[in-house]
Each structure stands twice: as C-alpha cells, then as structure tokens.
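As a plain string of letters, each chain reads:
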Amino acid sequence: MNLIFLGAPGAGKGTQSEKVCEKYKILPISTGSMLREAMKNNTPSGIKAKSYMESGDLVPDELVIGILKDRIARPDAENGFILDGFPRNVSQAEALLKIGVNIDAVINISVPDEEIIDRLVGRRMCEKCGASFHTIYRPLKIEGKCNICGGKVIQRDDDEPETVLKRLKTYHEKTQPLIDFYEQLGKLKIVIGQKEISQTTSLIFEAIEEMA
Ligand code: AMP
C-alpha cells in the first residue's frame, strides 16, 4: 500500500504517518526529515537545500525529486510507504506519476490556519528519531528528552514564528492546489484534524479502509 499524506506543515502528517506505518507495516518517507539529515551531514544536497529550508521556501524540485526517487527504489520500500511532505506542488505530483509509482490513496489532513500556528510554535522534535512533540498537546515526560528513544529534543529552526507564517503562505500557494489534483484522480480522502491525536488516527484508519 502506497499513501500520500497532504496537509499544512504541523497538520500532523509526521505523527499520523508513524501510527499508520506501525499498523500496516509500511515505511514512512519524509522528504523534510531526509533534507534535515542531509543538512546536518553537510552533503551536497544538504548544502543546496539549506537556505531554502531556513527561509521557509520549497527546495528546488529536481533536488527533492532525485532524493525521493532514490529512497522509494530501496528494498525496504517494497512493502509500501507513506509520503509525508512530498509532493509539495503540482510539478512534483506530475513527476511522481511519470516515475510510475501507484498511489492507493491521498489523505488530506485539514486543520485551520490559526490552529496550525499554535501547533507549530509549540512543536518540539527529537533530533535522534524525528518524533514530534508539543509543549501542551504532546508533552515530554522528562524535559529535553524524547519520550520514545531518550534522544535530545529541540525546536526546529523553521518553527520560529516568522518562518512559520512563510511556510503557511508557501503551503497555500503551492501545495493546496494538490487537493484538486488528487480529487480529479479520484484518490483524495479528507480527514479533519482533531485535537486528540488518537481521534485523527481513527479517522485516517477509516479513510484508508474505505479506499482499500
Ligand atoms: P517538512 O519537514 O515537511 O515541514 O519540510 C521542511 C522543509 O523542507 C520545507 O519547508 C521545505 O523547505 C523542505 N521540503 C520538504 N519536502 C519538500 C518537497 N517535497 N519539496 C520542496 N521542499 C521540501
């Protein structure tokens, strides 16, 4: 089963993708996480992506499409995957069609802008395993330490308030048109993001069962 999770930054794509991947034994693929890793390791892709990511812009298509193509070709993606954060615009979606990957369903997690801002500004992330937390909605059990792996928990640079507004603008301009794109392909399911993470997870499971 191959899925795409759409939604604004902070809508819960990463958190929900963890849950769904666990249930269906498929692989979570986050282009944002791969790019952050590349930046941390100063690889050529990471160096190219840095300024775009820091300012809340999209990284150039050819760079991110290359990374994605390599990742889905690896054997651990054979059983299926969830794309979280890809595609981010219509030309990336067209590139995915061209690669010939079959997508079973596209889940759009819908959350109003005001709530997105609140979620992103309070969001914290584990440097080691990438798990996402929130100062109020998904708090840490021990200050600064990941509840899952014990790694160091930080605030992402691009979750600073000014960059959050830029990322939201980029989302509305470039990524939101994908909702119509996948609707026209008959693949789209809309899930309204709930306050409780587990309630959203249940709605996503229902949506997947309906598409299967
Ligand atoms: P994310 O972790 O998905 O919020 O992504 C963080 C940042 O990585 C974004 O603000 C973009 O700068 C970059 N990025 C991630 N995925 C893509 C993509 N598919 N296309 C272009 N840029 C991306």
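Cut-offs and rules
Residues numbered from 1 in each chain as written. Predicted model: local features only at pLDDT ≥ 70, side-chain atom pairs only at ≥ 80, totals over all residues. Heavy atoms only, no water. Axes fitted to C-alpha atoms, helices over the stretch in contact; angles between N-to-C directions. Helix = DSSP H or I, 4+ residues; strand = E, 2+ residues; numbered from the N terminus. Parallel < 35°, antiparallel > 145°, perpendicular 65-115°, else oblique. Contact = heavy atoms within 4.5 Å. Nonpolar A, V, L, I, M, F, W, Y, C, P; charged D, E, K, R; others polar. Salt bridge = Lys/Arg side-chain N within 4 Å of Asp/Glu carboxyl O. Buried < 20%, exposed > 50% of the residue type's maximum accessible area, 1.4 Å probe, protein only. Near = heavy atom within 4 Å. Polar contact = N/O pair within 3.5 Å; in protein donor to acceptor, adjacent residues only side chain to side chain. Patch = residues over 30% accessible without salt bridge, like charges linked within 9 Å, V, L, I, M, F, W, Y side chains within 5 Å. Areas by Shrake-Rupley, 256 points an atom, 1.4 Å probe, with all protein chains shown as cover. Pairing = 2+ DSSP bridges.

1. Focus on the packing of helix H2 (residues 31-40) against helix H4 (residues 61-72)
It is the contact of H2 with H4, at a shortest axis distance of 11 Å, that shows an interaxial angle of 105°. For the element pair H2 / H4, the angle class is roughly perpendicular. Taken together, the residues of H4 that come into contact with H2 (itself represented by Thr31, Met34 and Leu35) are Leu63, Val64, Ile67, Leu68 and Arg71. Tallied by class, residues from the contact of H2 with H4 come to 6 nonpolar, 1 polar and 1 charged.

2. Focus on the pattern of salt bridges
Under the criterion given, the structure shown has 12 salt bridges. A salt bridge links Asp57 to Lys166; the nearest nitrogen and oxygen atoms lie 2.6 Å apart. With Asp57 in the loop between helix H3 (44-55) and H4 and Lys166 in helix H7 (residues 161-175), this residue pair connects regions lying 109 residues apart in the sequence. The class of Asp57 is partly exposed, set by a relative accessible area of 31%. Close ionic contact of Glu210 with Lys189 constitutes a salt bridge, the shortest N to O distance being 2.4 Å. On the criterion of sequence distance, the pair formed by Glu210 in helix H9 (residues 197-211) and Lys189 in strand E8 (residues 188-192) is long-range, its members being 21 residues apart. What makes Glu210 exposed here is its relative accessible area of 55%. On the accessibility criterion, Lys189 (19% relative accessible area) is buried.

3. A word on the site of the ligand
Near the ligand there are 16 residues, and of these Thr31, Arg36, Asp57, Gly85 and Gln92 occur at the shortest range. Gln92 has a polar side-chain atom sitting 2.9 Å from a nitrogen atom of the ligand. Of the residues contributing to the shell around the ligand, the split by class is 6 nonpolar, 4 polar and 6 charged.

4. Considering a nonpolar patch on the surface
A cluster of nonpolar side chains, Ile117, Val121 and Leu165, forms an exposed patch at the surface whose accessible area comes to about 220 Å². Position of Val121 relative to the elements: it lies in helix H6 (residues 113-121).

5. Some points on unusual backbone geometry
Between Phe86 and Pro87 the backbone carries a cis peptide bond, its omega angle lying at -5°. Positionally, Pro87 belongs in the loop between strand E3 (81-84) and helix H5 (90-99). Of note in the backbone geometry, Lys25 takes a positive phi value of approximately 55° without being a glycine. On the secondary structure map, Lys25 appears in the loop between helix H1 (13-24) and strand E2 (27-30). Taking relative accessible area as the criterion, Lys25 reaches 62% and is therefore assigned exposed. Positive phi, close to 50°, is recorded for Asn42, a residue that is not glycine. Checked against the element boundaries, Asn42 lands in the loop between H2 and H3. Given a relative accessible area of 54%, Asn42 falls into the exposed group.

6. Structural notes on the environment of Lys50
With respect to the helices, strands and loops of the structure, Lys50 is situated in helix H3. Along the backbone, Lys50 and Ile148 are 98 residues apart, and their C-alpha atoms lie at a distance of 28 Å.

7. Notes on the sheet that holds strand E6 (residues 132-134)
Read across the open sheet, the 3 strands follow the order E6-E5-E7; overall the sheet is antiparallel. In the strand order of this sheet, the two ends are held by E6 and strand E7 (153-154), each with one partner. Two strands pair when backbone bridges link them, and strand E5 (residues 123-126) and E6 are joined in this way by 3 bridges, in the antiparallel orientation. Pairing of Met125 across the sheet is with Ser132, part of E6.

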